Amino acid sequence: MMSFKSYSDTDNSPAVYTDSEGINFEKKQYFDVNNTEGVVYCDATSQTMYLAFRGTSGINDVLMDSNILGREFMGYKAHKGFVKAYEDVYNTVESIIHDILECDSNILRVKKLIITGHSLGGALAQLAFVHIKSKFRWSLDALGVSCVAVSFGSPKLFCARSVDDALRNLFLESVLRITHSDDVVPILPKYSSFMKKVFKLEYVHVGQHCSIGEQDDDHSFKEHRITKYVECLNTTDFYEGGS
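All figures in this text were calculated on a predicted structure; none of them were measured in a lab.

Novice: Sorry if this is basic, but what is going on with the environment of Gly144 here?
Specialist: Secondary-structure assignment places Gly144 in the loop between helix H5 (120-142) and strand E8 (146-152). Residue class for Gly144 comes out partly exposed when judged on its relative accessible area of 45%. Linking Gly144 and Lys111, residues 33 residues apart in sequence, is a C-alpha distance of 6.3 Å.

Now the structure itself:
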């Protein structure tokens, strides 16, 4: 729900939403730095904060060849285009985490942080997860704050050569990727054997994986829409697997 709502929440006007189970979510903050957008929602009842990154219809621009080379990020190498987009909100995310650590009354006393996003937003959510776990893991653990990430229709993010067991294990514990069986974006970026050999380019997914929806092998962008994901999540079963 939060990934879906982030597409329509584009300012800091107050808002409260109620999900199908009657749980209220309050919008606390909207941010937009160089077109990297996100929204913070809170559920005071369960003491849960949601950090939702907005996707973009221009994801093809981010996947263009000018961004294919990897870029260093928190000790790993990830897709340059996604890292550049996340770096714009790096300080904003740190400010949000500091609010949690300081138990800012304007937010709430948080016990669980869920980072989420669709499409480009899914890639940004995974980068935020690595960022937060790398810099604030022990501080959050000391306060009893858990942190997980859920992405929808995210493209491949990490350079295969940089992924180690520590990252795999961390993502298997706390990161869930949900993809539509016929969505083309999760198989991108996709490069030829020549590119892989010459530039050592191969991007991979990491974390738990659940597939939804029916597959007809046309692998188009119509199944990538957030509305399609919402529809399928309400009507189909999950098919679980590893990264």
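Novice: In this structure, what is going on with the pattern of salt bridges? I would like to understand it.
Specialist: Two side chains with opposite charge may pair up if their charged atoms get near one another. Counted under the stated rule, the structure contains eight salt bridges. Ionic pairing is found between Glu231 and Lys228, a salt bridge with its closest N-O pair at 3.9 Å. Note that Glu231 and Lys228 are positioned in helix H8 (residues 226-235) at a spacing of three residues, about one turn of the helix. In this structure Glu231 comes out as partly exposed when scored by relative accessible area, which is 44%.

Novice: It is not clear to me how helix H6 (residues 165-174) should be interpreted in this structure. Could you clarify?
Specialist: Residues lying three or four places apart along an α-helix face the same way, a consequence of the helix completing one turn every 3.6 residues. Every buried residue belonging to H6 is among Leu167, Leu170, Phe171 and Ser174, and all of these are buried. Viewed end-on, H6 has its buried residues packed into an arc of 95°, placing them on one side of the element. Seen from the open side of H6, the exposed residues pointing more than 90 degrees away from its buried face are Asp165 and Glu173. Tucked into the core, H6 has its buried residues touching strand E6 (76-79), H5, E8, strand E9 (158-159), strand E10 (175-180) and strand E12 (208-212). The backbone nitrogen of Ala166 has a side-chain oxygen 3.3 Å away, supplied by the residue at the start of H6, namely Asp164.

Criteria and thresholds
Residues numbered from 1 in each chain as written. Predicted model: local features only at pLDDT ≥ 70, side-chain atom pairs only at ≥ 80, totals over all residues. Heavy atoms only, no water. Helix = DSSP H or I, 4+ residues; strand = E, 2+ residues; numbered from the N terminus. Buried < 20%, exposed > 50% of the residue type's maximum accessible area, 1.4 Å probe, protein only. Salt bridge = Lys/Arg side-chain N within 4 Å of Asp/Glu carboxyl O. Arc of directions from axis to C-beta. Contact = heavy atoms within 4.5 Å. Polar contact = N/O pair within 3.5 Å; in protein donor to acceptor, adjacent residues only side chain to side chain.

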